[in-house]
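Fold and geometry: a report
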Amino acid sequence: MTTTNPFAALDDYELAHLVEHLRAVGDDRALHRLLRMSTADGANGWYAEKEGREGIGGYLDDVAIARDVAATATTTALQRNMPATAMADELRYALVVSSINSISRVLPPTLLAALVRVGHWPITQAMRYADQQPFAPLRAEAFARLAEHTTDQQRLRCLHAALNAARAIRARPDWRLRALGQIAFRAPSPLRADVVREGLAVLRDIGQVEIDENTATFLQAVPDELWPEVEFQLTVLPLTLTGPVRPGESLTGGRPDPWTFGVRSFCPLITRFGEPLFRSVVEAARAEAEPVLRGLLLAACADRQPALLAEARQAADPIWQADVRAELDVAVATHLDPASRRELLDDAVQRGRAESYPPTRARMLLALAPAVPEPQQSALLAETLAACRLVDDGSARSYLFRLLLPLLPDEAAAELVTDTDRLGDGPEWGRVVSALAPRLAPSALLHLLGRVQRIDDDKAVISALLKLAAQLEPEARTSLVQRLLDLMPAQSDAISSSYWTTMAGQLSLGEFASAVTAAGRMTHGDRRSSALRALAEQATDDARLAAVAAVGDIAVHVTALRSRAAAHPDPGRRDALLRHAVAIALTLDDLQERLRAAVAVFTSGRRDPDAAHALVAAVRASDWTPAAKADGIASLVGFLPEGERVAAAADVLGRIKAIQDEQRPMIERLAPLLRPLQYIRDEYHPGTALRAVYAHLGPDQWPLTLEIIGGIRDMYERSSALSEFARNAPDVVSLETGYFGVAAGLRTLRDWASAHFAGIQFTRDDDLRRRIVDFLFAQVSSFPVDRAGGHDIDFLTGLAGHLDRARLDAVITVATKIADGFFRDRALSSLVQHLPPSEAVAAAVAIQTPLWRARALIPLLHRPLSSADRATALAALIELGPNTDLLPVVDQLPPDQRVVVLQAAARTAINGQGSSSMSSQVAEFVATAPAKQLHAVWSDAVPGLGARSRGVLLNNLEWPCRFVARLGGSAAVRAVADAVLDVRLWWP
């Protein structure tokens, strides 16, 4: 501890009890000042001293005391009808705790354990950080790993804490199984047996054995004496390589697909299996549709049953991805004779080195490196590391590093410490450090710890300050605006233009000029332009226009001229401003910028056919890609001289068709190897270009247009393009044009129905409309009630409005048979709207899911109802209690329920979970409700805010700030701004 800390002179007793003493004597001001004091180097003095001498736990205990003191002060002030300025302190301590949590949640369990292992942290401090981890799977792993580095008594405390965390994992039983495996691996014999049997209960609840890393982690922890019991359970459950889609799957962006790590983790366990279980594994492999997973598992089984090797090799035949094929080549090669193995691997290595796309090259070399002998392996690992570093996507790069690390020698692994600084926070950084930390020396661990202790959320800080500024009157926010202007230009890599837009709308003329100057000083070109354009969009008077023009950026000047023209009341002056905008837009050197700026002005109301003609010629003569040319010309078609538009639209169609013809061999080669709806990265999507030319196409061009639309492989893109075509050319909806032939090729019910519904909506032929409805209704009998999801339900609800009563009843009958209760009630909530009022109310009241019952009843209350039906509907809504779905009809609820619904919505808003649709009612409630009602919401919601990461809290600070502004006044709002800047300084 440096002597710059004012609390370094306190003895241990004073440090431990000073906060309690200040609370006891009622010196609230001194207590809050104590926790705000900074050291000479900008750290929080009390945190630094407490964390250094007692660990994080003592500091958090003191913060909890200070928060309680502030909450009491808030209550007292409101009881005395005084401004509750202490609300700012409550938010301050929520921000402090969230800062600590932000550090805890990105502190990987392996790094936590490594810090204890090298003696940098005592076990008690590490345990408190582990306890602050809000994500139960990581909390369980952290305590399990800490159990390896402590005494027997503390070891049991860690293991029981890990067990409690594992049992808190609800939505992902597979993660709970993995956590139990991590605990069992480190538990002493009596406890290990209990944990293993608890894991078996989880397996029974899952109902199958999933061949992945979670199951492998659990099975690796099973001791020999318990294996017969476990193996018996494995033999009576089905084995599968494909588990269900579970929560969290969306967080695996960048992960190699297909994910083979799980199967490869499981394969070494096969040698332990008895014959019945081995046969089950083989059957599961043969049943798997994904070729590489099937091949990897069969290749692992070939050690025991060599005949399976041929099946493993056959699995490689349909695999088109070079990196995936390389993984299976390695698995097969281990079973070949030396010469054949060398030939197979040499060929694969050569193909990997020749691959130009960095992610594919990295994955190929990563798969091959473990299989080649030295010294070739060392060279190949070096090439693999270099290839991984070229992968732009941070998430994908982090997965590659994680998989590569076990193969690298310690010296090479240590070099990856610097690579972690290029990874984003959270999962990207954590998954690499998790693999890296156990292998590092103390100095490297401290580097990683320093990175953990940097939160780097200035974007969220600025977001919060913008929201705080919005709560202040203009004369009260000058200093806060200046702080923003000091912060924002320095964040050129992080701050989006929307923040500049939000701020620009709040600025006085002088502040606006300062903001333009600050943005103009930014050094990051793209971000500078975005910031200046955002400000230019607010150039609604001549002074602001002049301030933007002075920067000297032509594209930004064009934006400012458009904004000034839109705000000018004189039509002649508007036209002159836009004419000037066109003239300077055409002086831009970069053709792409010139095109973008000119089209923006044309769209604003100043059409210049000659300029559009010149731009089309420039695009045609450019070296742009065919797709860029098609899109560029299409964006100009509507602004060309009228006599040129049809020909230009035909030119665009021809270009699109040529692109599709060129891509067809690639798509035809890939399509059979992909899942039906799997995305092809390089396929050109012509939807934007088509929408720009639809209005200029005649019937003679419809066949080519429909052929183009039918050639779009992406089903959603094809459906959207077809529906938009029907909107712009209603007569294309005909049995003779081929419209329905294209619609019939759509493979999902959602997209297929969307194209047919567009036909119903836009056709001018009443007889055809009836025929489409008849055709669609005929499909209802085959509706997939056993597996219907949201998009399927849209078919029923979209069709209902076109049906007579008898058919509507038939559709409702089908909806009542939908197996999933949630989706069944969702469908019924929409379908009952088409019934007569009394029947609709009765049907809506019978809906079981509260959400969908509310969604069904609320629209009905806006219809003419008898007094009895209205009373029935309101009684059913009252049963739902404080349900925020009742907000649209909150004024019709009884007074007591109205209050609790608004309070629930306000509580949801403070917690950052509200939807935009509730904003107006909640805003009115916060602005007008009695202080007592608002304080009840505040005191219930605020204590939980610190559990979030700081970035999340800052990004959702708007509603807490509204409460502070209403009950605490401007001084409290400014105090919250000080708190935001303080925590940014203390934990940057």
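Another point: the overall build of the protein. Scanning the protein for helices and strands turns up 55 helices and two strands. Here the C-alpha radius of gyration of the protein, 33 Å, is about what a compact globule of 988 residues would show, namely 30 Å. Its C-alpha atoms put the protein at 85 × 85 × 70 Å along the principal axes. In the protein, the proportion of contacts linking residues at least 24 apart, taken out of those at least 6 apart, comes to 66%. Accessible surface computed for the protein: about 42,700 Å², of which carbon and sulfur atoms make up 52%. Placing the 105 positive and 118 negative side-chain charges of the protein at their respective mean positions leaves the two points 2 Å apart.

Between Glu374 and the following residue, Pro375, the backbone shows a cis peptide bond with an omega angle of 0°. Along the chain, Pro375 turns up in the loop between helix H20 (358-368) and helix H21 (376-389).

For His149, the location among the structural elements is in the loop between helix H8 (136-146) and helix H9 (152-167). Along the chain, His149 and Val116 lie 33 residues apart, while their C-alpha atoms are 6.8 Å from each other. If near-sequence neighbours (up to four positions away) are discounted, His149 is found in contact with Ala113, Val116, Arg117 and Ile123.

As a further point, take the packing of helix H51 (residues 919-928) against helix H54 (residues 958-968). Think of two packed helices as two axes; the pair is described by the angle between the axes and how far apart they sit. Following both chains from N to C, one finds H51 and H54 inclined at 25°, their axes separated by 9 Å at the closest point. By the angle between their directions, the pair H51 and H54 is classed as roughly parallel. Remark: the crossing between H51 and H54 carries right-handed chirality. On the side of H51, the interface is formed by Ser919, Val922, Ala923, Phe925, Val926, Ala927 and Thr928, while H54 contributes Trp959, Arg962, Phe963 and Arg966. Here the contact of H51 with H54 is composed, by residue class, of seven nonpolar, two polar and two charged.

Further remarks concern the packing of aromatic side chains. In this description, a pair of aromatic rings is defined by centroid distance and the angle of the planes. The full count for this structure, using the stated rule, is 20 aromatic pairs. Relative to Phe639, the ring of Phe602 has its centre 5.2 Å away and its plane inclined at 50°; by these criteria the two rings are tilted. Of the two residues, Phe602 sits in helix H34 (residues 591-603) while Phe639 sits in the loop between helix H36 (626-637) and helix H37 (642-670), which places them 37 residues apart along the sequence. With relative accessibility at 11%, the residue Phe639 sits in the buried group. An aromatic cluster of at least three residues, connected via ring pairs, comprises Tyr47, Tyr59, Trp986 and Trp987. Over the ring of Phe261 we find Arg402, and its NZ or CZ is 4.9 Å from the ring centre. Taking NZ or CZ as reference, Arg962 lies 4.4 Å from the ring centre of Trp959, over its face.

Before going further, it helps to spend a moment on the pattern of salt bridges. Any two side chains of opposite charge can pair, given that their charged atoms come close. A full pass over the atoms with the stated rule returns 44 salt bridges. Residues Asp651 and Arg620 are paired through a salt bridge, measuring 2.9 Å at the closest nitrogen-oxygen approach. On the criterion of sequence distance, the pair formed by Asp651 in helix H37 and Arg620 in helix H35 (residues 609-621) is long-range, its members being 31 residues apart. In this structure, the salt-bridge partner of Asp661 is Lys657, at a minimum N-O distance of 2.7 Å. Residue Asp661 and its partner Lys657 are both found in helix H37; the two are separated by four residues, about one turn of the helix. For Lys657, a relative accessible area of 15% corresponds to the buried category. What you see here is one network of salt bridges that share partners, running through Arg325, Asp329, Asp347 and Arg351.

This paragraph deals with the domain arrangement of the protein. By the assigned domains, the protein splits into domain 1 (1-106 + 895-987) and domain 2 (108-167). For domain 1 versus domain 2, the separation of C-alpha centres amounts to 28 Å. Each partner contributes residues to the interface: domain 1 has twelve residues there, and domain 2 has nine residues. For domain 1, the biggest contributors to the area lost against domain 2 are Ile56, Ser104 and Arg105; these three give 41% of the whole.

What follows deals with helix H31 (residues 542-549). Among the residues of H31, Arg544, Leu545, Ala547 and Val548 are the ones counted as buried. Seen from one end, H31 has its buried residues packed into an arc of 160°, which puts them on one side. Sitting at the head of H31, Asp541 places a side-chain oxygen 3.2 Å from the backbone nitrogen of Ala543.

With that settled, consider the side chain of Ser265. Within the secondary structure, Ser265 sits in helix H14 (residues 261-266). A polar contact of 2.8 Å, which involves the side chain of Ser265, links it to the backbone oxygen of Phe261.

Moving on: the nonpolar core. Ranked by size, the top nonpolar core spans 345 residues in total, and within it Leu111, Leu146, Leu465, Phe795 and Trp987 carry the most contacts. Broken down by element, the residue count for this core peaks at ten residues, all from helix H5 (residues 87-105). When residues of this core are assigned to domains, at least three map to each of domain 1 (1-106 + 895-987) and domain 2 (108-167).

Here the focus is empty space enclosed by the protein. What the rule picks out here adds up to one cavity of 30 Å³ or more. What lines the largest cavity is simply Ser104, Leu107, Pro109, Leu112, Tyr129, Ala130, Gln133, Leu138 and Ala142. Listed by contribution, the elements that provide at least two residues to the lining of the largest cavity are helix H6 (109-117), helix H7 (123-132) and H8. In the lining of the largest cavity, the residues fall into seven nonpolar, two polar and no charged.

We now examine the environment of Asp174. Residue position: Asp174 is located in helix H10 (residues 173-186). Within the structure, the side chain of Asp174 is placed 3.4 Å from the side chain of Asn214, a separation counted as a polar contact.

It is worth spelling out the side chain of Asn101 at this point. On the secondary structure map, Asn101 appears in helix H5. In contact with Asn101, not counting residues within four places along its chain, are Gln132, Gly946, Ala947 and Arg948.

What follows deals with a negative patch on the surface. Side chains of Asp526, Asp589, Asp590 and Glu593 sit close together on the surface and give a patch of like negative charge. Relative to the elements of secondary structure, Asp526 occurs in helix H30 (residues 525-536).

Once that is clear, we can look at the packing of H34 against H36. Their axes nearest at 10 Å, the elements H34 and H36 cross at an angle of 25°. Taken together, the axes of H34 and H36 are roughly parallel relative to one another. The way H34 lies across H36 gives a crossing that is left-handed. Contacts between H34 and H36 pair Leu595, Val599 and Phe602 from the former with Gly632, Ser635 and Leu636 from the latter. A breakdown of the residues in the contact of H34 with H36 according to their chemical character gives four nonpolar, two polar and no charged.

Our focus in this paragraph is the environment of Trp227. Structurally, Trp227 is set in helix H13 (residues 227-236). Distance from Trp227 to Phe273, taken between C-alpha atoms, is 9.5 Å for residues 46 residues apart in sequence. Apart from residues no more than four positions distant in its own chain, Trp227 is found in contact with Leu219, Val222, Leu234, Arg272 and Phe273.

Each value, and the rule that gives it
- Residues numbered from 1 in each chain as written.
- Predicted model: local features only at pLDDT ≥ 70, side-chain atom pairs only at ≥ 80, totals over all residues.
- Heavy atoms only, no water.
- Helix = DSSP H or I, 4+ residues; strand = E, 2+ residues; numbered from the N terminus.
- Rg over C-alpha atoms; globule rule 2.2 N^0.38 Å.
- Contact = heavy atoms within 4.5 Å.
- Areas by Shrake-Rupley, 256 points an atom, 1.4 Å probe, with all protein chains shown as cover.
- Lys, Arg positive; Asp, Glu negative; His and termini not counted.
- Charge placed at Lys NZ, Arg CZ, Asp CG, Glu CD.
- Axes fitted to C-alpha atoms, helices over the stretch in contact; angles between N-to-C directions.
- Parallel < 35°, antiparallel > 145°, perpendicular 65-115°, else oblique.
- Left-handed = near helix turned anticlockwise from the far one by under 90°.
- Nonpolar A, V, L, I, M, F, W, Y, C, P; charged D, E, K, R; others polar.
- Phe/Tyr/Trp six-rings, centres within 6.5 Å; stacked < 30°, edge-to-face > 60°.
- Buried < 20%, exposed > 50% of the residue type's maximum accessible area, 1.4 Å probe, protein only.
- Lys NZ or Arg CZ within 6 Å of the ring centre and 35° of its normal.
- Salt bridge = Lys/Arg side-chain N within 4 Å of Asp/Glu carboxyl O.
- Domains from an automatic or database assignment.
- Buried area = accessible area lost by both parts, 1.4 Å probe.
- Arc of directions from axis to C-beta.
- Polar contact = N/O pair within 3.5 Å; in protein donor to acceptor, adjacent residues only side chain to side chain.
- Core = buried A, V, L, I, M, F, W, Y, C linked by side-chain atoms within 4.5 Å.
- 1 Å grid on protein atoms, 1.4 Å probe; cavity = no way out; pocket = protein on both sides within 12 Å on 5 of 7 lines; lining within 4 Å.
- Points joined across faces, edges and corners; volume = space filled by probe spheres on them.
- Patch = residues over 30% accessible without salt bridge, like charges linked within 9 Å, V, L, I, M, F, W, Y side chains within 5 Å.

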